[in-house]
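Listed here are the chains, written in short residue letters.
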Amino acid sequence: MIALFDSGYGGLTVLKSFLKVLPKYDYLYLGDSARVPYGPRSPETIQKFSEEGIQFFIKEKVPLVIVACNTISAVALRYLQKKYSDQIKILGVVRPLAEYAAKNSAKKRIGIAGTRATIASGAYKTEIQKLDPACEVIGQACPLLVPLIEENWHHKPETRMILRKYLRSLKTHNIDTLILGCTHYPMLQKEFQKIMGARVHVPNPGDIVAASFEDYLQRHPEIEKKLTKKGTQKFLTTGDVDRFEEFSTIFLEGTKINVQKIAL
Ligand code: DGL
């Protein structure tokens, strides 16, 4: 089974891409919805919360977990990998998105939109410049977007107005690629694209992560053979089950799912 871990519902945008690219595998999705959002929290708290998630997967004997959450990937991934590498394989989303951006930005001018914690960590800038030191990376925190999307307000004019304000500075930096560095932002992909204009490439981050993981599995047959393949999906939340089910129909565009509650 492939496990996906997120601070809440947002990672469902990543799962959606995985189901498209790698449908034959079994999936276990855990959202720490009781404690979402992680984005405004301190690195210490993000580390502590995400560590509890990883310990849960270890107890469940899961061989591999993909941290779908940008905030956890940016702030805590290295810490988690170092501490638990002998018990579980942990992959994040920052590296595949950084690789994509470094490879595809012709002008080498890349924008990153994310939570406060993701942007403050500088993780995208570090990873992109490791791959290509000539790249300019401009970060923009968009802290109001997660609550607006979670209120199902993403198609309201108020949200578009806030987004335009956030993107104003990125527009002046003449970027050619914008990475949506937050699980929720693909829900606003069309709005991001419209505001940034046709000259800026705004790819779907879930599709990039799923394609990169497909490639990873081809390069690591020893891991691939540990993953069960019955095409099943299991959803767990630390928060309210009904609210998770309601959200999943928005994030997965209509698909009804069954969710169980767990404690971390
Ligand atoms: N999953 C988070 C991310 O991708 C967004 C929600 C949160 O702040 O916890 O950054």
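Above this note sits the structure.
> Just to check I follow, could you spell out the overall build of the protein chain for this structure?
Across its full length, the protein chain carries 13 helices and 9 strands. Computed over the C-alpha atoms, the radius of gyration of the protein chain is 17 Å, within 12% of the 18 Å expected from 2.2 N^0.38 for a compact globule of 264 residues. Projected onto the principal axes, the alpha-carbon positions of the protein chain cover approximately 50 × 40 × 35 Å. For the protein chain, the residues scored as buried account for 55% of the 264 residues in total. Once local pairs closer than 6 in sequence are excluded, the contacts in the protein chain between residues at least 24 apart make up 76%. Counting every atom, the protein chain has about 12,100 Å² of accessible surface; 52% of that belongs to carbon and sulfur.

> Hey, could you run me through the site of the ligand in this one?
The ligand sits among 13 residues. The nearest are S7, Y38, G39, T71 and T183. D6 has a polar side-chain atom sitting 3.0 Å from a nitrogen atom of the ligand. Contacts to the ligand include N70, whose backbone N or O atom sits 3.0 Å from an oxygen atom. Expressed as a share of its isolated accessible area of 300 Å², the protein-covered part of the ligand is 99%. Here the shell around the ligand is composed, by residue class, of 5 nonpolar, 7 polar and 1 charged.

> Sorry if this is basic, but what is going on with the pattern of salt bridges here?
Two side chains bearing opposite charge may form a pair once their charged atoms approach each other closely. Within this structure, the stated rule accounts for 12 salt bridges. Measuring nitrogen to oxygen at the nearest pair gives 3.0 Å for the salt bridge that ties R95 to E127. With R95 in helix α5 (residues 94-104) and E127 in helix α7 (residues 123-131), this residue pair connects regions lying 32 residues apart in the sequence. Residue class for R95 comes out partly exposed when judged on its relative accessible area of 34%.

> In this structure, what is going on with the sheet that holds strand β4 (residues 89-91)? I would like to understand it.
Each strand in a sheet pairs with its neighbour through backbone hydrogen bonds, running either in the same direction (parallel) or in the opposite one (antiparallel). Pairing within the open sheet is parallel, and its 6 strands lie in the order β4-β3-β1-β2-β8-β9. Every interior strand has two partners, whereas the edge strands, β4 and β9 (259-261), have only one. Strand-to-strand, the axes of this sheet are offset by a mean angle of 25°, without reference to chain direction. Taken together, the 3 bridges between strand β8 (residues 233-237) and β9 define a ladder with parallel strand orientation. Bridge pairing in β9 links L236 to Q260. Set on the sheet, helix α1 (residues 12-21) makes contact with β1 (2-6), β2 (27-31), β3 (64-67) and β8; between it and β2 the angle comes to about 170°. Packing against the sheet, helix α2 (residues 43-59) makes contact with β1, β2, β3, β4 and β8, and its axis sits at approximately 160° to β1.

> I keep staring at the sheet that holds strand β5 (residues 109-114) and nothing clicks. Help me out?
Read from one edge to the other, the open sheet built from 3 strands follows the order β6-β5-β7, with strand pairing classed as parallel. The sheet is open, and its two edges are formed by β6 (136-141) and β7 (177-181), each paired on a single side. Shown here is a sheet whose adjacent strand axes are inclined to one another by a mean of 20°, direction ignored. Inspection of the sheet shows β5 paired to β7 by 5 bridges, in the parallel sense. Residue G111 lies in a different strand from β7, and its bridge partner there is L178. Along the sheet face, helix α9 (residues 157-172) touches β5, β6 and β7 and points at about 165° away from the line of β6.

> How do you make sense of the pairing of β1 when you look at a structure like this?
Here is the key point about a regular strand: its side chains alternate between the two faces of the sheet. Within β1, 5 of the 5 residues are buried, which leaves the element mostly enclosed by the surrounding structure. One ladder, built from 5 bridges, connects β1 with β2; its direction is parallel. Within the sheet, the bridge partner assigned to L4 lies in β2 and is Y29. Note that β1 and β3 share 3 bridges and pair parallel.

> Would you mind going over the environment of K83 with me for this structure?
By secondary structure assignment, the location of K83 is in helix α4 (residues 77-84). A relative accessible area of 43% places K83 in the partly exposed class. When the C-alpha positions of K83 and H184 are compared, they lie 28 Å apart, and in sequence the two are 101 residues distant.

Scoring rules and cut-offs
Residues numbered from 1 in each chain as written. Predicted model: local features only at pLDDT ≥ 70, side-chain atom pairs only at ≥ 80, totals over all residues. Heavy atoms only, no water. Helix = DSSP H or I, 4+ residues; strand = E, 2+ residues; numbered from the N terminus. Rg over C-alpha atoms; globule rule 2.2 N^0.38 Å. Buried < 20%, exposed > 50% of the residue type's maximum accessible area, 1.4 Å probe, protein only. Contact = heavy atoms within 4.5 Å. Areas by Shrake-Rupley, 256 points an atom, 1.4 Å probe, with all protein chains shown as cover. Near = heavy atom within 4 Å. Polar contact = N/O pair within 3.5 Å; in protein donor to acceptor, adjacent residues only side chain to side chain. Nonpolar A, V, L, I, M, F, W, Y, C, P; charged D, E, K, R; others polar. Salt bridge = Lys/Arg side-chain N within 4 Å of Asp/Glu carboxyl O. Pairing = 2+ DSSP bridges. Axes fitted to C-alpha atoms, helices over the stretch in contact; angles between N-to-C directions.

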